[in-house]
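Letter by letter, the chains look like this.
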Amino acid sequence: MTVSALFPERDGSYRALAIGAHADDIEIGAGGLVMRALAERPGLTIDFVVLTGNDGRRAEAEASASALAGGRLGTIGVRVVGLEDGRLPAAGAAPKDEIEQLKAGGPYDLVLCPSLGDAHQDHRLIAELVWQTFRSPPILEYEIPKYEGISEQPNLFVELTRDRCEAKVKHLLSAFPSQLDRGWFDEETFWAMLRLRGVESASSTGYAEAFIARKLRI
């Protein structure tokens, strides 16, 4: 099965929206899916929206998304809102307002966001707001490794070739130099996730990204 199956069958253009709390969330959780979707679905463009980040992280997010999309950014392109990292639940109506504006700029054919069960308060809030806001497009929740672990079992796996995995890991390490001093942000972590999800899904390549698809309409 190709990633194209996630999109409605029609001629013309397609739009995807990827939302993250932090500059590297989307690439960690769904970088491989984004690569496959752009390769397999002609006419697809993707918007990247990141809710937090200082100037340095903004620059990383913008450069990373532009490189990953390879000229296929959507009408929004890359938007970094700049709210305070780690404090989204205390940001009042601002996160909700931002995501509501995204809905007004739709429609989208696919939305990517963190998991509802994510232990990080910023990730979890974004997932809750996405589910409150979007009704029509399929929503896929991606996973991000953390000290608290991953509490939910994914039910959708995106098979990735080793070459695509290598491209993803290389991209992460080069696009986000500000994170290289973090103990978990290294190639062993990213390869471990890809390999374990490949084992769980009996991937023919041995590697996969994993998502939670709570509702799919076909």
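Reading guide: rules and limits
Residues numbered from 1 in each chain as written. Predicted model: local features only at pLDDT ≥ 70, side-chain atom pairs only at ≥ 80, totals over all residues. Heavy atoms only, no water. Salt bridge = Lys/Arg side-chain N within 4 Å of Asp/Glu carboxyl O. Helix = DSSP H or I, 4+ residues; strand = E, 2+ residues; numbered from the N terminus. Buried < 20%, exposed > 50% of the residue type's maximum accessible area, 1.4 Å probe, protein only. Pairing = 2+ DSSP bridges. Right-handed = clockwise from strand over helix to strand, strands pointing away.

Q: Just give me the short version of the pattern of salt bridges, but keep the residues and values in it.
A: Within the structure shown, the criterion is met by 13 salt bridges. Salt-bridge contacts for Glu40 lead to Arg36; the nearest nitrogen and oxygen are separated by 2.8 Å. Remark: Arg36 and Glu40 occur in helix H1 (residues 25-40); sequence separation between them is four residues, near one turn of the helix. Salt-bridge contacts for Arg57 lead to Glu60; the nearest nitrogen and oxygen are separated by 2.9 Å. Of this pair, Arg57 and Glu60 both sit in helix H2 (residues 55-69), three residues apart, which is roughly one turn of the helix. Classification of Arg57 by relative accessible area gives buried; the value is 15%.

Q: Which residues make up the pairing of strand E1 (residues 14-20), and what values do they have?
A: Counting buried positions over the seven residues of E1 gives seven, a clear majority of the element. The alternating pattern of E1 places Tyr14, Ala16, Ala18 and Gly20 on one face and Arg15, Leu17 and Ile19 on the opposite face, and all of these are buried. Bridge count for E1 against strand E2 (residues 44-52) is seven bridges, and the pairing is parallel. Each residue of the ladder has a partner; that of Ile19, found in E2, is Val49. In terms of handedness, the path from E1 via H1 over to E2 forms a crossover that is right-handed. Pairing analysis gives three bridges linking E1 to strand E4 (residues 110-114), with the strands arranged parallel.

Q: Help me get a handle on the pairing of E4, residues and values and all.
A: Among the five residues that make up E4, five are buried, leaving the element largely enclosed by the rest of the structure. Where E4 meets strand E5 (residues 139-142), four bridges bridge the pair, whose relative direction is parallel. Bridge assignment links Cys113 to a residue of E5, and that residue is Glu141. Between E4 and its parallel partner E5, the chain crosses via helix H4 (residues 121-133), and the hand of that crossover is right-handed.

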